[in-house]
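Structural characterization, general
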Amino acid sequence: MDKVLLIIQREYLSRVRKKAFLITVFLVPALLLGMYAVMYLLFKNSSEMNSTRIVKVMDESGVFAGKLQNKKNLKFENLKQSLASAKKGLHKNEDEIILVIPKNYEEPKAVQVLSNKKPSVITADEIERQMNKIATNNSLVAAGIDTARLNTIHSSISINAREVTDEGDKDSNITALYGVGVAGAIMIYLSLFIYGAQVMRGVIEEKTNRIIEVIVSSVKPFQLMLGKIIGVALVSLTQFILWIILSLAVSYIASKNFNTPQSPLLGLIEGVKGVPIGSIVAGFLFYFLAGFLLYSALFAAVGSAVDSETETQQFMFPITMPLLFTYIISVSFLAQNPDSSLGFWLSVIPFTAPVAMMVRIPFGVPDWQLYLSMGLMIVGFIFTTWVASRIYRVGILMYGKKASYGELVKWFFYKE
Amino acid sequence: MLSIRNIVKQYAGHTALSGVSLEVTGGQIFGLLGPNGAGKTSLIRIINQITAPDSGEVYFGGEKLNQSHIERIGYMPEERGLYKKMAIGEQIVYLARLKGLSHAEATRRIKYWFEKLKIENWWNKKVEELSKGMQQKAQFVATVLHEPDLIILDEPFSGFDPVNAELIKNEILELNQKGATILFSTHRMESVEELCDSIALIHQSHKILDGRIKDIRNAYRNNTYLVEYSGNQLMLNGNEPFTLLDQNTTDDGHQMRLQLNADTSVNNVLQYLIPQVSVTRLQEVIPSVNEIFIQKVNQKD
């Protein structure tokens with residue numbers, strides 16, 4: 001056991017001390033900081049654009065004059081000067097817009113908006129919307145329809161999804177649940193690959209460096225494999241925890257210094273109100289760790305069977321397939337049908353559960369399914385670790401022999 | 001010290017060891033000889049508990065081989081290697097701790113060895129920055145650092161330049177004098193004669209010969225002598241006390257190989273020769289290990 005601890009220590013330190021590790025740890029918060037900066041700048045810009053603009057209306061049709069309503073950032077006035085002198089005046093006042101409505105205003109592109117600074121899309125939309133409304137109203141009146149009555153029967157429906165639970169009803173924001181579920185699935189999917197590949201590369205490194213034989217003369221191959229897997233798992237946890245801490249710190253600093261009304265992160269938390277954050281984080285940690293143990297053992301077996309990373313392709317396929325398959329199903333189908341029977345099966349089969357379950361957890365999973373899935377996960381990783389270690393112990397000592405699947409099966413059945 | 005009894009090891013499709021038994025007494029330098037692919041490395045891996053035999057047993061110091069013996073064995077495999085990106089000092093500390101040394105003790109001993117091999121300023125160097133010979137020195141230190149009772153070296157001199165090979169050879173001899181038993185394998189027969197006390201020959205998974213090197217060679221002496229003489233070429237008439245095996249003439253004189261007849265001694269040969277020619281050299285031809293090996297293999301075939 002001491003020896004496993006020693007191996008864990010070496011695997012952990014040799015990775016954490018690498019420059020690449022430090023760069024990735026700081027890169028994510030740095031990107032977040034950059035994101036805040038961009039949001040801040042956008043916000044600042046948009047507030048400049050939101051200064052009140054005065055729209056001077058020259059209405060040749062006489063249909064609209066006086067009917068256009070002032071909005072928060074938009075004031076309508078009748079044009080008092082001639083068009084030519086008003087045009088000259090535009091240079092002096094950037095916030096001024098001239099709206100020219102000809103008699104044949106219904107023809108395409110007939111209505112013109114003149115200004116020194118291009119009006120924002122919102123401004124243009126607002127003018128268009130109001131004009132359309134007025135014109136439509138006029139047409140309805142002309143057709144003899146009582147518009148006042150029409151307005152009263154205009155319905156406006158919006159859905160408020162409420163989940164009925166033991167603690168009473170609660171609001172659930174379906175879009176947020178969907179987002180959180182998919183984000184969790186993507187995180188698990190990527191981390192399993194990234195850190196699983198690290199285990200595989202470590203095994204190949206030991207094999208090609210030929211240090212493996214020295215080490216297995218001191219420890220059992222299984223101890224070495226286990227130490228490596230746990231070491232890399234700790235590296236990944238360190239990375240996640242540092243990311244969370246640094247991201248929170250960056251968010252805090254950003255919300256202080258950039259003086260945005262609300263930090264996007266806080267906004268996000270506001271948005272996912274009703275999402276069970278606690279069980280999602282716990283679920284993520286469990287399914288990442290269990291999934292990592294399950295897959296990294298297989299990655300280690302693949303690493304032991306080859307002499308270089310380029311040869312891994314043929315063995316990677318069966319490992320990546322279930323993950324990729326679940327990932328695609330999850331983000332497309334499962335996130336919209338979390339309680340479907342496909343969802344159930346995918347979230348209890350150990351090979352697909354880490355990704356599939358992450359999609360389902362935000363929507364709530366029956367306890368028995370969760371326990372079944374977790375139990376099978378544990379059985380699953382013990383099983384793959386056992387299978388992988390039997391291949392691994394033989395593979396690491398085989399050189400220059402191109403392994404086939406048949407070969408791996410033979411290795412599995414070797415006695416000690 | 002080490003007793004190997006009737007070891008059988010089979011891999012899919014071929015047999016690596018069939019019923020090999022060996023005795024290595026403590027304090028010996030033992031050579032495990034045989035051509036490539038004979039089964040030497042398989043046997044060494046079994047002694048190191050890297051693999052287990054299909055049948056047969058290994059006893060270490062009277063006890064059946066078990067995990068506790070790992071710390072008493074030092075092993076340098078044929079394919080040598082270290083972590084490329086790890087500093088040398090730290091790396092040897094790690095390997096020594098896997099063999100049960102404490103951090104402080106390992107550090108102290110590495111300093112001693114590094115000074116001895118004049119590599120003390122390498123501590124923080126990474127393996128990839130070192131030459132191959134340097135890496136091998138470091139590897140040797142890692143092998144013997146925990147002061148094992150049994151040092152197993154698989155093809156120890158392959159890959160070393162002559163200077164380093166000599167250096168390592170002297171270190172091996174010194175360790176042996178201090179009491180360590182050395183077991184090494186090689187396919188280069190000539191390198192063992194000066195170094196080994198005992199040898200075992202392995203060929204195609206079978207042990208074909210073992211014992212003390214002197215005994216083996218004595219057993220394969222067949223009263224053959226090499227004689228050089230000057231003067232006129234000897235005319236043989238059939239009454240001489242030996243049988244001529246071959247002869248040739250060079251600028252310096254004549255040379256012949258002969259085998260004594262039964263019940264004759266070297267003195268009889270000299271008595272016969274001296275009146276006729278001027279003898280410049282007479283030497284017994286003792287077969288080299290290589291010749292014995294070839295002879296044995298041919299017999300078998």
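Within each chain, residue numbers correspond to sequence positions counted from 1 in written order. Written order decides the labels, with chains lettered from A and ligands numbered from 1. Given that this is a predicted model, residues contribute local features only at a pLDDT of at least 70 and side-chain atom pairs are listed and counted only at 80 or more, while totals for whole chains, interfaces and linings are drawn from all residues.

Things to note about the overall build of chain B
From N to C terminus, chain B includes eight helices and 14 strands. With C-alpha atoms as the basis for the radius of gyration, the globule rule is written as 2.2 Å multiplied by the number of residues raised to the power 0.38. Taking 2.2 N^0.38 as the reference for a compact globule, 301 residues should give roughly 19 Å; the C-alpha atoms of chain B span a radius of gyration of 24 Å, well beyond that estimate. Projected onto its principal axes, the C-alpha positions of chain B cover 75 × 45 × 35 Å. Counting across all 301 residues of chain B, residues that qualify as buried make up 35%. Considering only contacts within chain B whose residues lie at least 6 apart along the sequence, 70% involve residues at least 24 apart. Helix numbering and strand numbering both begin at the N terminus, where a helix is a DSSP run of H or I of at least 4 residues and a strand a DSSP run of E of at least 2. Burial is judged by counting other C-beta atoms within 10 Å of a residue's own C-beta: 20 or more means buried, 12 or fewer means exposed, and anything between counts as partly exposed, with every C-beta placed from the backbone. By the criterion used throughout, residues are in contact when their C-beta atoms, derived from the backbone, lie within 7 Å.

Description of the domain arrangement of chain B
Interfaces are frequently sized by the accessible area removed from exposure as the parts join. When the domains of chain B are assigned, the result is domain 1 (2-218) and domain 2 (222-285). Using only C-alpha atoms to locate each centre, domain 1 of chain B and domain 2 of chain B end up separated by 45 Å. The domain limits used here are those given by an automatic or database domain assignment.

Looking at the sheet that holds strand β1 (residues 2-11) of chain B
By the convention used here, strands pair only if DSSP detects at least 2 bridges between them. The antiparallel open sheet is built from four strands, whose spatial order is β2-β1-β4-β5 (chain B). Strands with a single pairing partner mark the edges of an open sheet, and in this sheet they are β2 (14-24) and β5 (63-64) of chain B.

Points about the domain arrangement of chain A
The domain boundaries assigned to chain A delineate domain 1 (2-28 + 174-413) and domain 2 (52-152). In this structure, domain 1 of chain A and domain 2 of chain A have C-alpha centres spaced 59 Å apart.

Focus: the interface of chain B and chain A
The interface is formed by 21 residues belonging to chain B together with 18 residues belonging to chain A. Residue contributions to the side of chain B that touches chain A peak at four residues, all from helix α2 (residues 88-98) of chain B. Charged residues are taken to be Asp, Glu, Lys and Arg, nonpolar residues to be Ala, Val, Leu, Ile, Met, Phe, Trp, Tyr, Cys and Pro, and polar residues to be all remaining types, Gly included. Residues belonging to the side of chain B that touches chain A are distributed by class as follows: 12 nonpolar, three polar and six charged.

As for the nonpolar core
For this entry, the nonpolar core is defined as buried Ala, Val, Leu, Ile, Met, Phe, Trp, Tyr and Cys residues connected by C-beta atoms within 7 Å. By size, the foremost hydrophobic cluster in this structure holds 125 residues, and its most contacted members are A300(A), L33(B) and I92(B). Looking at this core, the element that brings in the most residues is helix α10 (residues 277-305) of chain A, giving 15 residues. Apart from the residues within four sequence positions on either side, L33(B) is in contact with T186(B), M189(B), V192(B), I199(B), A200(B), L201(B), I202(B), V289(B) and F293(B). V55(A), L68(A), I97(A) and I101(A) belong to the second-largest nonpolar core, a separate cluster that totals eight residues.

Some points on the packing of helix α14 (residues 367-395) of chain A against helix α15 (residues 405-413) of chain A
For any two helices packed against each other, one specifies the inter-axial angle together with the distance between the axes. All names here are of chain A. α15 packs onto α14 with a crossing angle of 100° between their chain directions and a minimal axis gap of 8 Å. Relative to α15, the element α14 lies roughly perpendicular. In this structure, α14 uses V387, R390, I391, V394 and G395 to contact α15, whose residues at the interface are L408, W411 and F412. Taken together, the residues of the contact of α14 with α15 sort by class into six nonpolar, one polar and one charged. For every element, the axis is a line fit to its C-alpha atoms; helices are fit only across the contacting stretch, and the angle between N-to-C directions ranges from 0 to 180 degrees. To sort the angles, those under 35 degrees are grouped as roughly parallel, those over 145 as roughly antiparallel, those from 65 to 115 as roughly perpendicular, and the leftovers as oblique.

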